[in-house]
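Architecture at a glance
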Amino acid sequence: MVRWIGRWVLLVVVSGSVAFGQTVEQNIAARLQHGPFLLLRGMYAGDKLSFDAQGNLIGPANRLPFSLSAVVIDKIELSESELTIQGKHAMLEFEPTDGVGQPRKTRVVGFSKKLHPDLTITIARNPAHPEALDSALQQIFSEGFDDALVNAVPEFWRPWLRHQLDPGAAVDAAPSGVAKFDRKAGISAPVLRYAPDPPRFSEAAKEAHVGGVCVVGLVINAQGRPQESWIVQPMGEGLDEQAIVAVNQYRFKPAMQHGQPVPVKVNIEVHFRIR
């Protein structure tokens, strides 16, 4: 008999449990490797992660930056009581923008074992309700980007992610009531007075000797302080979070219009230079 569960086809066999297990393992592996890349929705750190049958994390876990939350699967094993996934943490790397606002391509880059050892994920299962495993996997993993992932990531990632899902969505729109810096409108540019130098590298980027530029959108209020920030053009490898930390420490002489300080939106390039 064949049962459809989500996007899987599971062969339900009354006898021959070994063959059944192998078939299900193959289908699970095919499902999880179907998308362009696999992400842990919860962005969990650690080399051993356990989940209950509903896909909820068991016990505490530190969080990784969003771009360090990819997973590469090496092996899947299924028993009556649990699904075990052997793999490795990995990171996302974003290609440079094409200059016309198109979504940037994303690829997965592996970590070394020094920074992130082999990863073991166990998920409890109930053989009487095989459909529950599908639901748990959907809660734990994201196959590429999706709407649920947008709600799981930090706020400063959301405009960029929405743009990946819908290229018509603005990635650098100013919040309501905040003008974009524009000399033609009589708005003078804010002047940077203080910036921490240099921004910190993530451990992953330092190990990979990766540098480049991350573009951050920033609202500078009438007091010359950062009010809101978000990713416009990411680099990945944990550097974007460091860029956000850096720009939120900037201090400015505020933009002026008709002799009065006004809030404005600007895009700022944060450079990560390899030394």
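This report concerns the structure included in the present document. (Residues numbered from 1 in each chain as written. Predicted model: local features only at pLDDT ≥ 70, side-chain atom pairs only at ≥ 80, totals over all residues. Heavy atoms only, no water.)

One pass over the full model with this rule turns up 5 salt bridges. The residue aspartate 74 makes a salt bridge to lysine 88 at a minimum N-O spacing of 2.7 Å. Residue aspartate 74 is found in strand S5 (residues 70–78), and its partner lysine 88 is found in strand S6 (residues 82–94); the two are separated by 14 residues along the sequence. Its relative accessible area of 29% is what places lysine 88 among the partly exposed residues. Across the salt bridge formed by lysine 75 and glutamate 77, the nearest N and O atoms sit 2.9 Å from each other. Connected through shared salt-bridge partners, Asp74, Lys88 and Asp118 make up one network. (Salt bridge = Lys/Arg side-chain N within 4 Å of Asp/Glu carboxyl O. Helix = DSSP H or I, 4+ residues; strand = E, 2+ residues; numbered from the N terminus. Buried < 20%, exposed > 50% of the residue type's maximum accessible area, 1.4 Å probe, protein only.)

To continue, consider the environment of valine 245. In this structure, valine 245 sits in helix H6 (residues 239–247). Its relative accessible area of 46% is what places valine 245 among the partly exposed residues. Taking the C-alpha atoms as reference, valine 245 lies 9.5 Å from serine 229; in sequence the two are 16 residues apart.

Turning to the pairing of strand S13 (residues 226–233), a few remarks are in order. The sheet contact formed by strand S12 (residues 212–220) and S13 spans 6 bridges and is antiparallel. Opposite isoleucine 220, over in S13, you have proline 226 as the bridge partner. Counted along the chain from S12 to the antiparallel partner S13, the turn is 5 residues long, and its residue glycine 224 has a positive phi close to 80°. (Pairing = 2+ DSSP bridges.)

Tracing the backbone shows aspartate 47 in the loop between strand S3 (38–40) and strand S4 (48–51). Overall, aspartate 47 belongs to the partly exposed group, its relative accessible area being 33%. Between the C-alpha atoms of aspartate 47 and proline 117, which are 70 residues apart in sequence, the distance is 6.3 Å. Apart from the residues within four sequence positions on either side, aspartate 47 is in contact with Pro117, Asp118, Leu119 and Thr120. (Contact = heavy atoms within 4.5 Å.)

Below, the discussion takes up the pairing of S12. Judged by how many residues are buried, S12 sits mostly within the fold: 7 of 9 residues are covered. Note that S12 and strand S17 (residues 264–272) share 9 bridges and pair antiparallel. Bridge pairing links cysteine 214 to valine 270 in S17.

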